[in-house]
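A look at the structure
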Amino acid sequence: MTNLLSIGECMVELAPRADGAFAMNFAGDTFNTAWYAARTAPKGLTVSYLSAVGDDALSVRMADFMAQAGITPVLARRPGRSVGLYMISLKDGERSFSYWRDTSAARSLADDLDVLPGLKAGDMAYFSGITMAILSDAARERLLSALTRARAAGVTVTFDPNLRPRLWPDMDTMRHWITRAAEVCDIALPSYEDEAVHFGDADPAGTADRYSRAGAGVVVVKNGAEAVLLRTPQGDTQIAPPKIAKVVDTTAAGDSFNAGFLVGILSGEDAATATHRACALAAQVVQHPGALVPV
Ligand code: AMP
């Protein structure tokens, strides 16, 4: 058995329905990746999710949702706390998001983290810039130390910078911790559009250069409908995503892309084949509304 351990925050999502009521779902960047990985994993690949939840009914429901989705929950319980929440508002077809996550239990996910559970050589750990953003400085150090030790023991560490300035106190702090996280990963999965804005990269090759310099052996630079730049020790390859006539909702495009890529690599595919798999999965997701689309 090979294990993919995704690390971060899953939240309650309230999504508007046509009748004016709200549907309750569960979502969050690293969780979405775990969910798509579990749905598309071949036999022999297990997916688990590391986070922290409270001890209320909603936290229990979230853990049940994970288990039912085929994801092994690895959840620290924080008495008296609860999970984060976001609500989607729709105006003239445009979605906007309101968040209540400042006191979520997930912020403490690495407070007492020592060893990443259930991982052995050949397994994979996955985390994101959002995972880093919600933690205290001390917890960020703990998480990076645990990832570094896992990597030394033969675990492949993968990282999506997922730059979200609103979650960070300021840009320098964001850039500092994203760079620190990049230094512990084997595979980086940045999105060019965000990286250009916040790191000033002139083109996708500039983004790949920065993550290669930090130490990532494989860098996959996503770029919306444009070609993905795949950098491996063998060189650079451009891989065009499928052309889509009507994009409905790009929520979780990057998260599902990452799931496709990681499942491909863990299945023994080469990086180019895994990138094609990633593009095909994300193409399905952007043609349907919502974060978690049955694929
Ligand atoms: P992004 O994070 O926006 O760069 O998107 C992640 C991935 O989702 C891309 O690398 C594509 O594979 C896919 N994707 C996003 N938007 C589109 C689109 N308009 N057409 C085709 N694929 C897309």
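A brief look at the structure comes next. As the structure is a prediction and not an experimental result, all values here were calculated from the model.

Structural notes on the overall build of the protein
Each helix and strand in the protein was counted, giving nine helices and 13 strands. On C-alpha atoms alone, the protein measures out to a radius of gyration of 18 Å, which is about the 19 Å that the 2.2 N^0.38 rule sets for 295 residues. Taken over the C-alpha atoms alone, the protein extends approximately 50 × 45 × 45 Å along its principal axes. Burial status across the protein gives 51% buried among its 295 residues. Sequence separation of 24 or more characterises 67% of the internal contacts of the protein that already satisfy a separation of 6 or more. For the protein, the exposed surface amounts to about 12,700 Å²; the carbon and sulfur share of it is 53%.

Overview of the sheet that holds strand 7 (residues 94-100)
Strands sit in the order 3-2-6-7 across an open sheet of four strands; the sheet is mixed. Of all the strands in the sheet, just strand 3 (22-27) and strand 7 have a single pairing partner and so form its edges. Averaged over all pairs of adjacent strands, the angle between their axes in this sheet comes to 25 degrees, without regard to strand direction. Two elements, strand 2 (residues 11-16) and strand 6 (residues 85-91), share three bridges in a ladder whose sense is parallel. In the strand pairing of strand 6, Glu13 is matched with Tyr86. Lying on the sheet, helix 2 (residues 57-68) is in contact with strand 2 and strand 3; it crosses strand 3 at an angle near 65 degrees.

Brief notes about the packing of aromatic side chains
Counted according to the given criterion, the structure contains eight aromatic pairs. Judged by centre distance (6.1 Å) and plane angle (50 degrees), the rings of Phe31 and Phe65 are tilted. With Phe31 in helix 1 (residues 29-40) and Phe65 in helix 2, the pair connects residues that are 34 residues apart, well separated along the chain. What makes Phe31 buried here is its relative accessible area of 0%. An angle of 20 degrees between the planes, with centres 6.4 Å apart, marks the rings of Phe97 and Tyr99 as stacked.

Quick word on the pattern of salt bridges
Counted according to the given criterion, the structure contains 18 salt bridges. Across the salt bridge formed by Arg101 and Glu9, the nearest N and O atoms sit 2.8 Å from each other. Placement of the pair is Arg101 in the loop between strand 7 and strand 8 (124-128) and Glu9 in the loop between strand 1 (2-7) and strand 2, with a sequence separation of 92 residues. Overall, Arg101 belongs to the buried group, its relative accessible area being 7%. For the salt bridge of Asp112 with Arg78, the shortest nitrogen-to-oxygen distance reads 3.2 Å. Note that Asp112 is positioned in the loop between strand 7 and strand 8 and Arg78 in the loop between strand 5 (71-77) and strand 6, a separation of 34 residues in sequence. The network of salt bridges with shared partners includes Glu195, Asp201 and Arg210.

Some points on the site of the ligand
Lining the immediate environment of the ligand, one finds 15 residues, of which Ser191, Asn223, Gly224, Ile244 and Val247 sit closest. Here Ser191 contributes a side-chain N or O atom positioned 3.0 Å from an oxygen atom of the ligand. In the model, an oxygen atom of the ligand is placed 2.7 Å from a nitrogen or oxygen of the Gly224 main chain. Counting residues per element, the ones that place at least two in the shell around the ligand are helix 8 (253-266) and helix 9 (271-285). By residue number, the principal contributor to the shell around the ligand is helix 8, which donates three residues. Classifying every residue of the shell around the ligand by side-chain character gives ten nonpolar, four polar and one charged.

Side note on the nonpolar core
Counting residues in each nonpolar core, the largest one holds 51 residues, and the members touching the most others are Leu4, Tyr36, Met62, Met66, Ile71, Val220 and Phe261. At seven residues, helix 9 tops the list of elements feeding residues into this core. The next biggest cluster of nonpolar side chains, apart from the first, holds 47 residues, and it includes Ile7, Leu167, Trp177 and Ala208.

Section: the packing of helix 4 (residues 137-152) against helix 5 (residues 171-182)
Packing of helix 4 against helix 5 leaves a shortest axis separation of 10 Å and a crossing angle of 15 degrees. Considering the angle they form, helix 4 stands roughly parallel to helix 5. As helix 4 runs across helix 5, the sense of the crossing is right-handed. Each of Asp137, Arg140, Glu141 and Leu144 in helix 4 lies in contact with helix 5, whose residues at this interface are Trp177, Arg180 and Ala181. Classifying every residue of the contact of helix 4 with helix 5 by side-chain character gives three nonpolar, no polar and four charged.

The rules behind these values
- Residues numbered from 1 in each chain as written.
- Predicted model: local features only at pLDDT ≥ 70, side-chain atom pairs only at ≥ 80, totals over all residues.
- Heavy atoms only, no water.
- Helix = DSSP H or I, 4+ residues; strand = E, 2+ residues; numbered from the N terminus.
- Rg over C-alpha atoms; globule rule 2.2 N^0.38 Å.
- Buried < 20%, exposed > 50% of the residue type's maximum accessible area, 1.4 Å probe, protein only.
- Contact = heavy atoms within 4.5 Å.
- Areas by Shrake-Rupley, 256 points an atom, 1.4 Å probe, with all protein chains shown as cover.
- Pairing = 2+ DSSP bridges.
- Axes fitted to C-alpha atoms, helices over the stretch in contact; angles between N-to-C directions.
- Phe/Tyr/Trp six-rings, centres within 6.5 Å; stacked < 30°, edge-to-face > 60°.
- Salt bridge = Lys/Arg side-chain N within 4 Å of Asp/Glu carboxyl O.
- Near = heavy atom within 4 Å.
- Polar contact = N/O pair within 3.5 Å; in protein donor to acceptor, adjacent residues only side chain to side chain.
- Nonpolar A, V, L, I, M, F, W, Y, C, P; charged D, E, K, R; others polar.
- Core = buried A, V, L, I, M, F, W, Y, C linked by side-chain atoms within 4.5 Å.
- Parallel < 35°, antiparallel > 145°, perpendicular 65-115°, else oblique.
- Left-handed = near helix turned anticlockwise from the far one by under 90°.

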